[in-house]
Structures are given as structure tokens and as C-alpha cells.
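Coordinate inspection notes
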Amino acid sequence: MTDHLKREIKEALIRDAKTGSMSRRQFLTYSMAAGMSVSAASGLWTSDVSAATPKQGGKFRIGVHDSNTSDTFDPGTYVSVGQIQLSHTHRSYLTEITPENGLGPDMATEWSATPDAATWTFKLAENATFHDGRKFTAKDAIASLNHHRGESSTSAVKSLLDSVVDIKADGEYTIVIELNQGFADLPWVMTDYHFVMLPAKDDGTIEWESGIGAGPYKIVSHEPGIGTELVKHDGWHREGAYFDEIQFITLNDPNARQTALITGEVDSITSVDLKTMALMQRNPDILVDNIPSGSAITLPMFTDQAPFDNVDVRLALKYAIDRDELVEKIMFGTATAGDDYHVSPGMPYAPTDIERRPYDPDKAAFHLKKAGLSSLDIELSAADSVLPGAVDMCVLYSEQAKKAGINIKPVREANDGYWSDVWLKKPFVFVKWGARPTPDQMFSIAYKDDAPWNESHWQNARFNELLLEAKAELDDTLRAEMYHEMCQLARDDGGTVIPFFANFVYARNKNIGHGEAVSSAWENDGARSAHRWWFAS
Amino acid sequence: MLDVFSIVAKRLGFGLITLLVISLIIFIAVELLPGDIAQAVLGQGATESNLAALRAELGLNDPAPMRYFNWLKGAVVGDFGVSLVSKESVTDSITPRFVNTLMLALYAAVIAVPVAISLGVLVALFRNTLFDRIANVLTFTSISSPEFFLGYILILYFSVKTGWFPSIATVSPEMPLFERLERTFLPALTLVLVVVAHMMRMTRAAIINLLASPYIEMAKLKGTPAWKVIVRHALPNSWAPIINVVALNLAYLVTGVVLVEVVFVYPGIGQLLVDAVSKRDFPVVQACSLIFAATFILLNLAADVGSILTNPRLRHPK
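Residues numbered from 1 in each chain as written. Chains lettered and ligands numbered in written order. Predicted model: local features only at pLDDT ≥ 70, side-chain atom pairs only at ≥ 80, totals over all residues. Heavy atoms only, no water.

So, the overall build of chain B
Along its length, chain B carries 14 helices and zero strands. The helix and strand sequence of chain B, counted from the amino end, reads α-α-α-α-α-α-α-α-α-α-α-α-α-α. Across its three principal axes, chain B shows a C-alpha extent of roughly 85 × 60 × 35 Å. Among the 318 residues that make up chain B, the fraction classed as buried is 46%. Considering only residue pairs separated by 6 or more positions, chain B has 74% of its internal contacts joining residues 24 or more positions apart. As presented, chain B carries roughly 15,600 Å² of accessible surface, and 71% of it is formed by carbon and sulfur atoms. Separation of charge centres in chain B, based on 23 positive and 19 negative side chains, amounts to 17 Å. (Helix = DSSP H or I, 4+ residues; strand = E, 2+ residues; numbered from the N terminus. Buried < 20%, exposed > 50% of the residue type's maximum accessible area, 1.4 Å probe, protein only. Contact = heavy atoms within 4.5 Å. Areas by Shrake-Rupley, 256 points an atom, 1.4 Å probe, with all protein chains shown as cover. Lys, Arg positive; Asp, Glu negative; His and termini not counted. Charge placed at Lys NZ, Arg CZ, Asp CG, Glu CD.)

Thoughts on the sheet that holds strand S4 (residues 108-113) of chain A
All names here are of chain A. Taken in spatial order, the four strands make up an open sheet running S4-S5-S7-S6, and their pairing is antiparallel. Two strands close off the open sheet at either side, each with one partner strand: S4 and strand S6 (164-169). Between one strand axis and the next, the sheet turns by 15° as a mean value, whatever way the strands run. (Pairing = 2+ DSSP bridges. Axes fitted to C-alpha atoms, helices over the stretch in contact; angles between N-to-C directions.)

Focus: the domain arrangement of chain A
How big an interface is tends to be stated in terms of accessible area lost as the parts join. Residues and elements named next belong to chain A. Looking at the assigned domains, one finds that chain A contains domain 1 (3-50), domain 2 (93-210), domain 3 (215-285 + 510-535) and domain 4 (292-502). For domain 2 and domain 3, the distance between their C-alpha centroids amounts to 27 Å. Between domain 2 and domain 3, the residue contacts involve 18 residues of the former and 17 residues of the latter. For the pair domain 2 and domain 3, the summed buried surface comes to about 1,300 Å²; carbon and sulfur atoms form 45% of the total. Taken as a group, Glu-96, Pro-99 and His-131 account for 44% of the area that domain 2 buries against domain 3, more than any other trio of residues on that side. For the interface between domain 2 and domain 3, the tally reads five salt bridges. A salt bridge links Glu-96 to Arg-528; the shortest N-O distance between them is 3.2 Å. In this assembly, domain 2 and domain 3 are joined by 13 residue pairs in polar contact (both at pLDDT 80 or more). Class assignment for the residues of the side of domain 2 that touches domain 3 results in nine nonpolar, six polar and three charged. (Domains from an automatic or database assignment. Buried area = accessible area lost by both parts, 1.4 Å probe. Salt bridge = Lys/Arg side-chain N within 4 Å of Asp/Glu carboxyl O. Polar contact = N/O pair within 3.5 Å; in protein donor to acceptor, adjacent residues only side chain to side chain. Nonpolar A, V, L, I, M, F, W, Y, C, P; charged D, E, K, R; others polar.)

Quick look at the interface of chain B and chain A
The interface of chain B with chain A comprises 37 residues on the first partner and 35 residues on the second. Taken together, both faces of the contact between chain B and chain A bury some 2,900 Å²; the carbon and sulfur share is 60%. For the interface between chain B and chain A, the tally reads one salt bridge. For the salt bridge of A:Glu265 with B:Arg183, the shortest nitrogen-to-oxygen distance reads 3.0 Å. Remark: the boundary between chain B and chain A carries five residue pairs in polar contact (both at pLDDT 80 or more). Listed by contribution, the elements that provide at least two residues to the side of chain B that touches chain A are helix H2 (37-42), helix H3 (48-58), helix H7 (147-161), helix H12 (258-264) and helix H13 (269-278) of chain B. In terms of residue count, the dominant contributor to the side of chain B that touches chain A is H3(B) (five residues). Its residues placed into classes, the side of chain B that touches chain A shows 17 nonpolar, 14 polar and six charged.

Some points on unusual backbone geometry
All names here are of chain A. Omega for the bond connecting Ala-306 with Pro-307 falls within 30 degrees of zero, at 0°, which places this linkage in the cis form. A positive phi angle is found at Ala-117, which is not glycine, with a value near 60°. For Ala-117, the position within the fold is in the loop between S4 and strand S5 (119-124).

Notes on the layout of surface pockets
If you add up the space inside the second largest pocket, you get close to 840 Å³. The wall of the second largest pocket is formed by 35 residues, among which A:Ser159, A:Ala451, A:Pro452, A:Trp453 and B:Thr47 lie closest to the centre. Its residues assigned to classes, the lining of the second largest pocket shows 12 nonpolar, 14 polar and nine charged. Two domains each put at least three residues into the lining of the second largest pocket: domain 2 (93-210) and domain 4 (292-502) of chain A. (1 Å grid on protein atoms, 1.4 Å probe; cavity = no way out; pocket = protein on both sides within 12 Å on 5 of 7 lines; lining within 4 Å. Points joined across faces, edges and corners; volume = space filled by probe spheres on them.)

Side note on the packing of helix H10 (residues 214-221) of chain B against helix H11 (residues 226-255) of chain B
All names here are of chain B. Where H10 contacts H11, the two axes come as close as 11 Å, and the packing angle between them is 170°. Classed by the angle they form, the pair H10 and H11 counts as roughly antiparallel. Of the residues in H11, those in contact with Tyr-215, Ile-216, Ala-219 and Lys-220 of H10 are Val-229, His-233, Ala-234 and Asn-237. (Parallel < 35°, antiparallel > 145°, perpendicular 65-115°, else oblique.)

Describing the pairing of strand S18 (residues 500-509) of chain A
All names here are of chain A. Here S18 lies mainly inside the structure; 10 of its 10 residues are buried. Direction of pairing for strand S11 (residues 268-269) relative to S18: antiparallel, over a ladder of two bridges. The partner of Ser-268 across the bridge, within S18, is Arg-508. Two strands pair when backbone bridges link them, and strand S12 (residues 286-300) and S18 are joined in this way by eight bridges, in the antiparallel orientation. Looking at S18, one finds that Ile-291 is bridged to Phe-504. Across three bridges, strand S13 (residues 335-337) lies against S18 in antiparallel orientation.

Some words on the environment of A:Gly405
When you line up the elements, A:Gly405 lands in the loop between helix H12 (390-402) and strand S15 (406-412). In this structure, A:Gly405 is in contact with A:Leu368, A:Ser374, A:Ser375 and A:Leu376, ignoring residues within four places of it in sequence.

So, the confidence of the model for chain B
With 97% of its residues at a pLDDT of 70 or more, chain B has an overall mean of 84. Across the assembled chains, the prediction reports ipTM 0.76 with pTM 0.80. (pLDDT = per-residue confidence, 0-100.)

Examining the nonpolar core
If you look at the biggest cluster of nonpolar residues, it comprises 117 residues, and the most contacted ones within it are A:Leu94, A:Ile175, A:Leu317, A:Tyr397, A:Ile406 and A:Phe430. In terms of residue count, the dominant contributor to this core is H12(A) (seven residues). In contact with A:Ile406, other than residues within four places in its own chain, are A:Ala316, A:Leu317, A:Ala320, A:Leu368, A:Leu376, A:Ser398 and A:Ala401. Counting 64 residues, the second-largest nonpolar core is a separate cluster that includes B:Met199, B:Ile216, B:Val246 and B:Tyr266. (Core = buried A, V, L, I, M, F, W, Y, C linked by side-chain atoms within 4.5 Å.)

What to know about the pattern of salt bridges
Residue and element names in this part refer to chain A. Scanning the model with the defined rule gives 36 salt bridges over all chains in all. With a shortest N-O distance of 3.2 Å, Arg-532 and Glu-96 are connected by a salt bridge. Taken as a pair, Arg-532 in helix H18 (residues 529-532) and Glu-96 in strand S2 (residues 95-97) lie far apart in primary sequence, 436 residues in all. According to the relative accessible area criterion, Arg-532 is buried, its value standing at 10%. The salt bridge involving Lys-329 is made with Glu-325; its shortest N-O contact spans 2.7 Å. Here Lys-329 pairs with Glu-325, and both are found in helix H10 (residues 323-329), just four residues apart, close to one helical turn. Connected via shared salt-bridge partners are Glu-96, Asp-106, Arg-238, Asp-525, Arg-528 and Arg-532.

A few points about helix H4 (residues 64-76) of chain B
Residues and elements named next belong to chain B. When the terminal C-alpha atoms of H4 are compared, their 19 Å separation across 13 residues agrees well with the 18 Å that a helix rising 1.5 Å per residue should span. Of all the residues in H4, the buried ones are Tyr-68, Trp-71, Leu-72, Gly-74 and Ala-75. Take H4 and look down its axis: the buried residues cluster within an arc of 165°, on one side only. Exposed and facing more than 90 degrees away from the buried side of H4 are Phe-69 and Lys-73. At the exit of H4 stands Gly-78, carrying a positive phi of roughly 85°. (Expected span 1.5 Å × (residues − 1). Arc of directions from axis to C-beta.)

Here it is as C-alpha cells:
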């Protein structure tokens, strides 16, 4: 065994042991199998593992932002951060995004597809129970998914399951999902925060009103917009859930949230005000997690409307933006500069060899001239409710673009009703997208030619052809190639400027421990801090 | 006394009409807001098909006047309906919040009113002295600063730096009274600082206004000490304006606390109203607003009755 390999095995062992998925005995056995002596392995356990080994017990208090009195338990209308954090704590999903941003099992233990990826089989955990003791079976899984399907469904993610033709049970612990087209990403889609598993009623609908679930913690008391108290669900079928109790406290005001963390009223907060982040970092009792995410800021323009129907105008706008300056000045460095394709570096199949487009006012002016224009006057709509600093960002972009002869007039729109009256209505707007787990999902909802949210009205035959092909392709290498080409197309022809991908910035007391890797799916380790983190001291 | 009762009855009748008009105005205002509840609930996730399904489920396809009268039918018999968003009874979701708001208002009032009136008497007594100036400057400063700023200052000194009081005022119904008073001390103090100046200045002005009257002159001439002139002779005659200002400020303590609630994360009714407006949850908006309106009407009525009782001349308007 080479030293290099040995070191890798050792690291992998430590990593597994630290996340608690391995006991001391197992650790010693595996370490010895990897060629270590008993004393060396034992020493390693003491020095490297147990220091960061999860401890059982305690009440973990999370100060959560964007939690409202109007939040409900209906999974179809989940929308706020508070609902997402809570739903991952008291409820569960078929699959989950792991701390390493891979795909892992939750209520489903394994899944497989037919070669055309049009029929998927999910095997369910046989030992999973709901909080009232009922067993979780195939009929619950089917009812939970059907909540988001059908004519009368009010679910916000109805469109994600549009291609599903039928969901059937195969025995008590297997479900079979049939689709009218290949869909290689279906197991990834199942991690979407809306698709929680709930108990079925006799008529095939789900029982969502009671707040019951099969997640690691069960609700003791819940007041929307104020807080929730939970205790451990003893029948939870998975490893983890180190805390005995969880308390969510709504702290919508950034100042109240941060003060609460500093004065020890809460152990963790889901969002840090970027303007005061540096001050928080100076506090020795506080640890700030700054995690790159797939949540993109996009500036879509209507590509079927002048002047954006000219690809050179679009390129001019893409060259006229100084992404690095925006990341530094608007996001205080807590963002990853984007290129103009909507695939973040952390996503599967993210291309690594496309060179990021630089800020180049001369090139922008060149493309403008090529489009037959000497100057360009356009309006860019934004609202600070979409992202604090959104309007400032547009003002800065406007200054940058002036050097290329482009006059962007930033328009501050009303916070209220931005999604219904500005987005998809005005030709050039500021948008923030939540992270989607795979390129296919992102492209299908916002870039596909006939998608209702095709915010740039972009029509590119080759792109759409590839999208369909890649959707049903189970071979990873081929898929990676297809997504590479699609990213290139979006970058050079698409109608969306992507300034950056925003990070999740959250903070915790230094006595809260977590694994080496944390998921970038949502705030607080993919909204799963309640069952992944622990009290270190 | 009979005449007082008839005034009260008449005023309550007018109050009811006012409430009816207000409810209509609020309904129209909510209707005028851009976007409807279905769009507000689904947000970025709205599509034609789920919007249509949600609108049908919420009964938004009925014409607006019909929805208003359906609501009104319930409201007159005390049934404020269910929240369109959470499907919970409006009464159930508002009651605990309103109790919290009232408790905080009461807490602040119990401190603020005696402090303001005694300060007012003192500054009238020592008018134009250094004490008067300092009291004025301090209270004016506190009334001129926005509440959230006062709140932050208090949090900084009494919570972050000294750790004397908790920075957030999370309370629950089962919390013991003393702990509750400690938890809510900072928000109550913020409110006290905001309302004291107004009441104090009015007390001072009302008293000084009377000091030129002949009967005060008479009291002075017969050798009554200055404090007695003010407390015995001037104060009783200046109750009417003072009571009015006190009532206004009490109403403010109930209806104007949204900012304080946000800063201290206090579970009161203000935050509920703000959330309901942003989601266009009409029954909740309506109920909260009517509570606020009723508070104003009742406190104004109380102020008028108080003034009448302290000044018999007002009972016989010419």
C-alpha cells in the first residue's frame, strides 16, 4: 500500500468517525485493516476523532430569520427560510443532500432507474416511523408526492413533477415512479424542500395540518412567527440527532438576531448581516460559517424584445459588468463571482475549464458598435427585498457600464409585489434564485424555451435539444459533456447576466460543533443543523 | 350622573359606526394593494395553474362586495372568520398576541404616567431653573429619537455590555410574572422614554397656563406655599388637557409598538398585522385594525368622560 493511499484512507476514516457514523471499535478495526498498529489507531482516535466527536444532549436554540406568522405546515406553499429550516427538522424527504453536497438516503434507502431513466424505483426505509408511532410505508410516500400533482394541487412545485405519469406501490416498502420522458435527476429532485414525507389519510391525501412528520425531532409547541419547540423523535431511523431538544426562535431583525447570539440567548443564527460580519468574526466566542452556495443573482433581459434581441447588445452588457468589484463592495466578499451560465461551482457537472468573462469596457463598446449602436439607454429594475443591497448593486453596475457607453438607469421597485408585478413583466430586472441541486433543474425551470419562468425568453434550439437529451442520460461522462456545451451556449448567447452566486453566511456559538464539510444547500448545513451538529463542550 | 351615561351611550353608538366605516376602508385598501393573497403566498413559485387552484380554494373568485359582506355577517356576531393563509381562527391567533401587547402597554403605562405627571408638576414648580432645562432636554431627546434607536441603545448598555437584562423579550403564557417583567423591561423602558415627554410637557403647560389666573394670585397672596398652590389649586383645574394627552399616549402604547416589537422580538399584535398585510390576509388585517381603531375610540371616550368628571361645567354644554 502506498503512503499516499494510506494517508487517504486514514483521512477518510477520521472523517467518517467524526461525523459519528463509526464507533470506536469499528474505527480501530478499519484502521488496523489499513495497516496501522493498535496503539497508533487508538492514539489517532483520542487525538483526532474524539475531540470532534458528537456528544449527545443539550437544547440547541436556533435564531431563524425570514419566519412569519403566516407560515403554515402545507408543504405545497413552503417558501420562507423559517419553513425550510423547520421542515428539515420535524419532517423528512426521500433523499438528502449530504454535507459533501452529494446525494444520500433519507426515507428512501436505495433507488434505481430503467436504462431510459423513465421508470424509477425507490426502496423505502423499513424502520421509519412517524412521530405518533405509525409506520412509514409506500402509501404515505405516494400520497406525499401526489400532494404536488394533479389539477387541484396548489403546490408551488407542481411543475417539477409534470412529467410524472403514475406513482405506484410495489409491496409495502417500494414505490415505482413512471414518467413520460427520461429524467435522470429525479432522485436529486426529491431533495427539494417541498417534497416532505407525510402520513396518508384514507382518501389518499396527506395529513399536513397537524405538523406531524417522520423527521428527527417532533414538535412540542409551535407558534408561527414566534418559535417552535421540539424534542427528539426516538423512533428516528437514522444516525445523528445529537441534541435532546431543539428550539427555533424567530429573529427577523438582523440586529436582534446578532445580539441574541452574542448575549447567549441562542446558540446559532441562520443569517449574518454582511455589513457587521467583520465585527462578529472578531468575537472570540462566535464562529461564522461562510459557505458558497448555488443561489444565483441573475439579471435576465427579454431576448425577444429590442434592444436585447441582438446578441451583441447582450454581450456588451456581459462585458460591461465588473463582477469582482460587485462581490467585494456589495457582498463584502461573501459571494462567488459568476459567469453567465446558471451552474454554480458546487453543482454536479459544473464545467471547470470555461474561462470567466472579464470586465472589459472596450470589448463591451466593440459589441455595442457591432450591434450598430453608439450608446444604449436601458432601465434595470430591482428591489431591496430580493437581496439587501440589490439597488446599490444596480447603481454600481450602472457606473461600470458607463465606461462602455451604456446608460443603465437603476429603478427601485416596490418591495411588495415584486414577484407578481416586476419579475417576468419588465424587460431587464434583478432576480435572486434559490439553489437547485442540478443543472437540469435550473435549466428546466428558467432557461427551457417553454418554461413558464423562462425569465429571459431565451430560445436556443441546440440548448433545448441538449437539455432533453441530457435529462434522460444516465452516463455521467456524456452528461457532463452536454452540460458543458449548454453552459457555453448560455454564456455566449443567453440573455442572462449572472453577477455572482451569493454565499450563505451564518454563525454559531463556538461550543457548537459540526462536521468538516457542511452542505451548501441551505443555511445551517442544508437546514439540517438540528440533526447534524452537536454541543462540543 | 345620568347625563354622563347618555353621553357615553351616544359616543359608543358613534364609535360603532366609525368601526364599520373603518372596516370598509380597510377592505378597499387591501383590495387596492398590488397582487392578491394567492400571489403573495406562492411568491416566486406562482404559476398560472397553481394560482388558479389556490384562488378557487380561497374563494377569491367571488366579487369583492360579496366577500366583504360575508365577512361582515360573521363579524357582527363576533366571528372574525379564519385566516386565509393559516386557516386558523382569527380570534385564536390574535388573542394571545393582543394580551401580550396589552401587558406591555400596561407595564409601560404604569411607569410612564406617574413619572410623567410628577415630573410635569415638578418642572412647573421649578420652571425656568436648571432642573427644568435638564428635564426638558432629556425628555425631548428621548421623544425625538426613533424607537428602534432608543431600543438599540438600551440593548447595547443594559444587555450586551452589562448583561443586566436579556436582549430579546421572548415570553410565553406560562412564564412566571416576575421573569416576564424582567424579560420585558427593556421594551417597556423604550416605550416609557418615548411617551414621557409628551405627557410631561402637557402637564407643565397646563399648570403654567393657570398660574396667571386671579384665583392662583389669591392663593399666593394668602401665603400658600408654591408646591401647594400647584398641587391643590392649579392641578385640579388642569386635569382635562392632561387626561386627553394621557389617553392619546396610552393608545399609542397599544397601537404604535410595531418597531419595539421587532427590535426586541416581542410577540405582540403589531408584527402579526405587518405579516398579514404583506400576505394580503384580509380577515387578520381587518381584525387587527379594528382592535386598534376600537382602542383609540375607547380611550378617547375615556378621556372625555374623565375631563367631564373633573370639570362639572362641561356637563352642561351651552
